[in-house]
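A look at the structure
So you can see what is in the structure, the chains are spelled out below.
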Amino acid sequence: MDHLFGVPGDFVLGFLNQALKSDLKYIGTCNELNAAYAADGYARIRASVHFASTFGVGELSAINGVAGAFAERVPVVVITGSPSTVYFRTRPLLHHTLAIIRSH
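This one's a predicted model, so the numbers in the text were calculated from it and none came from an experiment. (Residues numbered from 1 in each chain as written. Predicted model: local features only at pLDDT ≥ 70, side-chain atom pairs only at ≥ 80, totals over all residues. Heavy atoms only, no water.)

1. Overview of the sheet that holds strand β1 (residues 3-6)
To keep it simple, the criterion reads: For two strands to pair, DSSP has to find at least two bridges joining them. Only DSSP runs of H or I reaching four residues or more are called helices, and only runs of E reaching two or more are called strands; each is numbered from the N terminus. Between the N-to-C directions of two axes lies an angle of 0 to 180 degrees, each axis being a line fitted to C-alpha atoms and, for a helix, fitted only over the stretch in contact. Residue contacts are counted whenever heavy atoms from the two residues lie within 4.5 Å of one another.
Taken together, the four strands give an open sheet; going across it, the order is β2-β1-β3-β4, and neighbouring strands pair in parallel fashion. The two strands at the open ends of the sheet, each matched to only one other strand, are β2 (25-28) and β4 (76-81). Averaged over all adjacent pairs, the angle separating strand axes in this sheet is 25°, with direction ignored. Where strand β3 (residues 49-54) meets β4, six bridges bridge the pair, whose relative direction is parallel. When the bridges of β4 are listed, His50 appears paired with Val77. Where helix α1 (residues 13-20) meets the sheet, its contacts fall on β1, β2, β3 and β4, and the angle it forms with β1 comes to roughly 150°.

Rendered as structure tokens:
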């Protein structure tokens, strides 16, 4: 695996910074669905490929491309950045998450 397709997002930026320092060739796209379909197509020609996006809307956007690759057993490795577990315990208002606001 020598290529990484994806869209930078705040929860995956740490991983992408490390990937850019490696031998991986990063191929950015304008949205997550395009990245998922590009990774699927590339993996059909090459052995396998990585796809990276961020938590929430990024993954929801990419689901059809990833599901298609999975259904046809195309080797696409999906890497998803997400908020730290402390955010799930403390439940602060955080973008791209579903927050239930309780009134007192």
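2. Regarding the side chain of Asp40
In plain terms, the rule: Accessibility here uses a 1.4 Å probe with only protein chains present; expressed as a share of the type maximum, an area under 20% marks a residue as buried, one over 50% as exposed, and anything in between as partly exposed. Definition of a polar contact: a pair of N or O atoms within 3.5 Å, with one able to donate and the other able to accept a hydrogen when the atoms are protein atoms, and with sequence-neighbouring residues admitted only if both atoms are side-chain atoms.
Inspection of the secondary structure puts Asp40 in helix α2 (residues 32-45). The class for Asp40 is buried, based on a relative accessible area of 9%. A distance of 3.0 Å separates polar atoms of two side chains, one belonging to Asp40 and the other to Arg44.

3. What about the packing of α2 against helix α3 (residues 57-71)?
Note the following rule: With respect to orientation, any angle under 35 degrees is reported as roughly parallel, any angle over 145 as roughly antiparallel, any angle of 65 to 115 as roughly perpendicular, and every other angle as oblique. By definition, any crossing whose near helix is turned counterclockwise from its far helix by less than a right angle is left-handed, and any crossing with a clockwise turn is right-handed. We call Asp, Glu, Lys and Arg charged. Ala, Val, Leu, Ile, Met, Phe, Trp, Tyr, Cys and Pro are nonpolar, and the rest, Gly among them, are polar.
It is the contact of α2 with α3, at a shortest axis distance of 7 Å, that shows an interaxial angle of 20°. The orientation of α2 relative to α3 falls into the category roughly parallel. Handedness of the α2/α3 crossing: right-handed. Judged by residue contacts, Glu32, Leu33, Ala36, Tyr37, Asp40 and Arg44 of α2 engage Gly58, Ser61, Ala62, Asn64, Gly65, Val66, Gly68 and Ala69 from α3. Residue composition of the contact of α2 with α3, grouped by class: six nonpolar, five polar and three charged.

4. Overview of the packing of aromatic side chains
This is how it is decided: The rule is short: rings of Phe, Tyr and Trp, with Trp giving its six-membered ring, pair when the centres are within 6.5 Å, and they are stacked under 30 degrees, edge-to-face over 60, tilted in between.
The full count for this structure, using the stated rule, is one aromatic pair. On the numbers, 5.6 Å between centres and 55° between planes, the contact of Phe5 with Tyr42 is tilted. Here Phe5 is found in strand β1, whereas its partner Tyr42 is found in helix α2, with 37 residues between them in sequence. Exposure class is identical for Phe5 and Tyr42. Each is buried.

5. Here's the deal with α3
Basically, it comes down to this: In a helix, the anticipated span is given by 1.5 Å times the number of residues less one. Axes are fitted to the seven residues ending at a residue and to the seven starting at it; the angle between these axes is taken as the bend at that residue.
A rise of 1.5 Å per residue sets the reference length of α3, with its 15 residues, at 21 Å; its end C-alpha atoms lie 22 Å apart and thus fit the reference within 8%. Along α3, the largest kink reaches about 50° and is centred on Ile63. Those residues of α3 lying buried are Gly58, Ala62, Gly65 and Ala69. For α3, the elements touching its buried residues are α2, β3 and β4. Of the residues one or two after α3, Arg73 is the one with positive phi, at around 55°.

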